[in-house]
Structure formats: C-alpha cells, structure tokens
Amino acid sequence: QVQLVESGGGSVQPGGSLRLSCVGSRITLSLHAMSWYRQAPGKQRELVAGISSGANTNYADSVKGRFTISRDSAKNTVYLQMNTLKPEDTAVYYCYAPTFGIWGQGTLVTVSS
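The notes below deal with the structure included here.

The rules behind each value
Residues numbered from 1 in each chain as written. Predicted model: local features only at pLDDT ≥ 70, side-chain atom pairs only at ≥ 80, totals over all residues. Heavy atoms only, no water. Helix = DSSP H or I, 4+ residues; strand = E, 2+ residues; numbered from the N terminus. Buried < 20%, exposed > 50% of the residue type's maximum accessible area, 1.4 Å probe, protein only. Polar contact = N/O pair within 3.5 Å; in protein donor to acceptor, adjacent residues only side chain to side chain. Pairing = 2+ DSSP bridges. Axes fitted to C-alpha atoms, helices over the stretch in contact; angles between N-to-C directions. Salt bridge = Lys/Arg side-chain N within 4 Å of Asp/Glu carboxyl O.

**A look at the side chain of Thr77**
Here is step 1 of the chain: Within the fold, Thr77 resides in strand E8 (residues 77–82).
Here is step 2 of the chain: Owing to a relative accessible area of 6%, Thr77 belongs among the buried residues under this scheme.
Here is step 3 of the chain: Within polar-contact distance, the side chain of Thr77 engages the backbone oxygen of Lys75 at 2.8 Å.

Structure (structure tokens):
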C-alpha cells in the first residue's frame, strides 16, 4: 500500500538543471524525515540530501550550494532541485523514507555533453 513514486530524471548537459519529484501514496511525507540517495555504477549508494519533519535540511558536501530538497505538503511531494549539474552527478537517484525503510523505484539522471 505504501509507495513512493519518483519522476523527473533525464539527460542534461553539464551546467543544466533537473527537478526530481517523489510522490507518496498511503504515506504523509510531511510527517517524516525524507531523503534522496544516489548510486552510480561501481560506487556505493550515498546520501545526497535529507529533510526532517521540522524542515531542517542537510546535504552531501559534493552537492551543497547546487541541490535543494524541499516539500510541498499539499501535494504530498518531496522535491530535489538540482542545479549546475556535473558529469559526476550521473547516477540513479532514489527517494527514501527512513522511518519505514521504503524506497522509490529510482530515476536515472545522466549529465553529459
């Protein structure tokens, strides 16, 4: 019943932007901490951004100043705004609800010339 559905991935050139969305079904996202992770081929999954139920945010050093995590409670959606994208940002991005251990299906972001 509980499900996280991601969208917004795609292919962009370096310096471009993407906005990822994570929509909750049967879960009220604003009541819980939410996170975005990413995993590139041959690399370990890493936390890139998190937001608490109190709207405190944290970011991996590699994305600070470029990525922004936010919520829209009315739409039950968590976003990851990604600006000034770099080739090293290429990865599958996952929405994660740590309270429940629930993952989204992942969405691929490719940054290349």
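**Thoughts on the sheet that holds strand E7 (residues 67–72)**
Here is step 1 of the chain: Within the open sheet, the four strands sit side by side as E1-E3-E8-E7. Their pairing is antiparallel. Single-partner strands in this sheet number two, and they are strand E1 (3–7) and E7. Between one strand and the next, the sheet's axes are offset by a mean angle of 20°, whatever the strand orientation.
Here is step 2 of the chain: Of the pairings in the sheet, the one linking E1 to strand E3 (residues 18–25) comprises five bridges and is antiparallel in character. Within E3, the residue paired with Glu6 across the bridge is Cys22.

**Section: the pattern of salt bridges**
Here is step 1 of the chain: This model, assessed by the stated rule, comprises four salt bridges.
Here is step 2 of the chain: A salt bridge links Asp89 to Arg38, with the nearest nitrogen and oxygen atoms 2.9 Å apart. Remark: Arg38 occurs in strand E4 (residues 34–39) and Asp89 occurs in the loop between E8 and strand E9 (91–97); sequence separation between them is 51 residues.
Here is step 3 of the chain: Asp89 sits in the buried class, given a relative accessible area of 1%.
Here is step 4 of the chain: As a salt-bridge pair, Arg66 and Asp89 come within 2.7 Å of each other at their nearest N and O atoms. Of this pair, Arg66 sits in the loop between strand E6 (57–59) and E7 while Asp89 sits in the loop between E8 and E9, and the two are 23 residues apart along the sequence.
Here is step 5 of the chain: Residue Arg66 is classed as buried on the basis of its relative accessible area of 10%.
Here is step 6 of the chain: Bridged by salt links that share partners, the residues Arg38, Glu46, Arg66 and Asp89 form one connected network.

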